[in-house]
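Single-letter residue listing:
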Amino acid sequence: MNQLNLFIELTRLKKPIGYLLLFWPCAWGLTLIYDFAGSLNIYFYYLLLFFLGSVLMRSAGCIVNDILDRKFDKKVTRTKNRPIASGKISVQTGILYAFILCSLAFLVLINFNYFTIIIALASMPLAFTYPLMKRFTYWPQLFLGITFNYGLILGWTSISEQIDVAPIIFYLGAIFWTLGYDTIYGFQDIKDDEIIGVKSTSIKFKGTAKIFLILCYLSLILSLVVGGLMMNFDLIYFLFIAIPVIHLFFYQINNFNSKNPASCLRIFKSNNYLGIIIFLNILVGRLF
């Protein structure tokens, strides 16, 4: 039972925000392309597969992250008690767990078409080297955005078996979304990170954080508008964009306080609701 609890702690299964933020772009991409005039069986089946894949890959990613960052995590108040950093789970055991989770994720992946399988596998090197980026660049959140929202492309190709311009527009917006919310998340550890010497957009823009967040979130909204135009969505879709605008600018940015870690975490977690809102927005665009 103790090992099970350590595994749950290691994979952050009790903190669903990570795999939900990985799942929502998948759901966006699938909803953008799916033909709702036909049977919905494949749609719900693929949603389930993407959800399972998100849970498995996020769990594996947490383990890889903790292995690569174990020396840094020991020096950060929020992460020093993580199983690998504290020595409760060995690196070898962590590698074994990650291998098992990746194998299960591969069993999920092979349910899709060959094109989707190939481009999903092509993203793996970047996904597992992301934790190293904060050693070399102030833009690790950019690399996170590229990998974390890749599921949007996979959702599209799972049906169309090709990449088109429309999902790329939404994908670019999702990258800016991640740039924003992970910058907010990074302010929880900014003091420790500066002492250790790791880099982040939180550190780079700590004096102009709100301006940076406004630019990121404006880019997301612009992508929703341009993407909606390319998809020939009805007026109701564009009216509903007011909801994510209110959430992003009147809740997140208005309440953002870089010196309040608890507030930063709360705002970061609220992006799950934004993921749902945009999912429903796209659904409205497809159905009306």
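Remember, predicted model here, so these are calculated numbers, not experimental data. Within each chain, residue numbers correspond to sequence positions counted from 1 in written order. Local features in this predicted model are restricted to residues whose pLDDT is 70 or higher, and side-chain atom pairs enter the listing and the counts only when it is 80 or higher, whereas totals over whole chains, interfaces and linings include all residues. Only heavy atoms go into the side-chain values, all of them from the structure, while hydrogens and water stay out.

### Overview of a nonpolar patch on the surface
The test is simple: Each patch is assembled from residues with relative accessible area greater than 30% and no salt bridge, linking like charges that lie within 9 Å and nonpolar side chains (Val, Leu, Ile, Met, Phe, Trp, Tyr) that lie within 5 Å. We get accessible surface area from the Shrake-Rupley algorithm with a probe of 1.4 Å; when it comes to residues, only the shown protein chains can shield them. We define a salt bridge as a side-chain nitrogen of Lys or Arg found within 4 Å of a carboxyl oxygen belonging to Asp or Glu. Helix and strand labels come from DSSP, where a helix needs a run of H or I of at least four residues and a strand needs a run of E of at least two; each type is numbered from the N terminus. In this scheme, a residue with accessible area under 20% of its type's maximum is buried, one over 50% is exposed, and one in between is partly exposed, where area comes from a 1.4 Å probe on protein chains only.
Taken together, Leu 96, Phe 99, Ile 100, Leu 104, Phe 106, Leu 107, Ile 110 and Leu 121 make up a surface patch of nonpolar side chains, about 760 Å² in accessible area. With 6 residues, helix α5 (residues 91–109) is the single largest residue contributor to the nonpolar patch. Structurally, Ile 110 is set in the loop between α5 and α6 (114–122). Take Ile 110: its relative accessible area is 42%, and that puts it in the partly exposed class.

### Brief notes about the state of the cysteines
Formally: Cysteine sulfur atoms are paired as a disulfide whenever they fall within 2.5 Å.
This structure, assessed with the given rule, holds 0 disulfides. As a non-bridged cysteine, Cys 216 has Cys 264 as the owner of its nearest cysteine sulfur, 15 Å distant. By relative accessible area, which is 2% here, Cys 216 ends up buried.

### Let's talk about helix α17 (residues 271–287)
Basically, it comes down to this: What a helix should span is 1.5 Å times the count of its residues minus one.
With 17 residues, α17 should reach 24 Å at 1.5 Å per residue; the first-to-last C-alpha distance of 24 Å fits that figure. Those residues of α17 that sit buried are Asn 271, Asn 272, Leu 274, Gly 275, Ile 278, Phe 279, Asn 281, Ile 282, Leu 283, Val 284 and Gly 285.

### Digging into the packing of helix α9 (residues 150–160) against helix α10 (residues 165–186)
To be explicit about the condition: Every angle, taken between N-to-C directions, lies between 0 and 180 degrees, and every axis is a line fitted to C-alpha atoms, over only the stretch in contact when it is a helix. Small angles under 35 degrees read as roughly parallel and large ones over 145 as roughly antiparallel, with 65 to 115 read as roughly perpendicular and the rest as oblique. Should the near helix be turned anticlockwise from the far one by less than a right angle, the crossing is left-handed, and should it be turned clockwise, the crossing is right-handed. Here, two residues are considered to be in contact whenever any of their heavy atoms come within 4.5 Å of each other. Asp, Glu, Lys and Arg are counted as charged, while Ala, Val, Leu, Ile, Met, Phe, Trp, Tyr, Cys and Pro are counted as nonpolar; the rest, among them Gly, fall into the polar class.
Between α9 and α10, the shortest axis-to-axis distance is 8 Å and the interhelical angle comes to 160 degrees. Comparing their axes, α10 and α9 come out roughly antiparallel. Every pair of crossing elements has a handedness; the one defined by α9 and α10 is right-handed. Of the residues in α10, those touching α9 at Tyr 150, Leu 152, Ile 153 and Trp 156 are Ala 166, Pro 167, Ile 168, Phe 170, Tyr 171 and Ala 174. A class-by-class count of the residues in the contact of α9 with α10 yields 10 nonpolar, no polar and no charged.

### A short note on the packing of aromatic side chains
For the record, the criterion: Here the aromatic set is Phe, Tyr and Trp, taking the six-membered ring for Trp, and pairing holds for ring centres within 6.5 Å; pairs whose planes are under 30 degrees apart are stacked, those over 60 apart are edge-to-face, and all others are tilted. Think of it as a cone above the ring: NZ of Lys or CZ of Arg counts as a charge over the ring if it is within 6 Å of the ring centre and within 35 degrees of the ring normal.
Under the definition given, this model contains 23 aromatic pairs. The interplanar angle of 40 degrees and the centroid separation of 6.0 Å between the aromatic rings of Tyr 45 and Tyr 46 together place this pair among those described as tilted. Judged by relative accessible area, which is 11%, Tyr 46 ranks as buried. Taken together, the aromatic side chains of Tyr 19, Phe 23, Trp 24, Phe 51 and Phe 279 make up a single cluster linked through ring pairs. Cation over ring: Lys 199 sits above Tyr 138, and NZ or CZ is 5.7 Å from the ring centre.

### With respect to the pattern of salt bridges
Taken as a whole and judged by the stated rule, the model has 7 salt bridges. Among the salt bridges present, the one from Arg 78 reaches Asp 189, with a minimum N-O distance of 2.3 Å. You can see Arg 78 sitting in the loop between α4 (70–73) and α5 and its partner Asp 189 sitting in the loop between α10 and α11 (190–196), a full 111 residues away along the chain. Ionic pairing is found between Glu 194 and Lys 206, a salt bridge with its closest N-O pair at 2.6 Å. Pair noted here: Glu 194 is in helix α11 and Lys 206 is in the loop between α12 (201–204) and α13 (209–230), with a separation of 12 residues, a long-range link. A relative accessible area of 37% means that Glu 194 is categorised as partly exposed. Overlapping salt bridges bring together Arg 12, Asp 66, Asp 73 and Arg 82 as one network.

### Regarding the nonpolar core
Under the convention used in this document: Working definition of a nonpolar core: buried Ala, Val, Leu, Ile, Met, Phe, Trp, Tyr and Cys residues. They are joined through side-chain atoms within 4.5 Å.
Judged by nonpolar contacts, the single largest core of 83 residues is most densely connected at Trp 28 and Tyr 217. Ranked by residues supplied to this core, first place goes to helix α2 (residues 17–33) with 12 residues. Excluding residues within four positions of it along the chain, Trp 28 makes contact with Leu 152, Ala 174, Trp 177, Gly 275, Ile 278, Phe 279 and Ile 282.

### Quick look at the side chain of Asp 182
Rules: Residues scored as charged are limited to Lys and Arg (positive) and Asp and Glu (negative), so that His and the chain ends carry no count.
Tracing the sequence through the fold places Asp 182 in helix α10. One buried charged side chain, Asp 182, makes no salt bridge at all; its nearest oppositely charged neighbour is Arg 78, positioned 8.3 Å away. For Asp 182, the contacting residues outside a window of four places in its chain are Tyr 130, Gln 141, Leu 144 and Ser 202.

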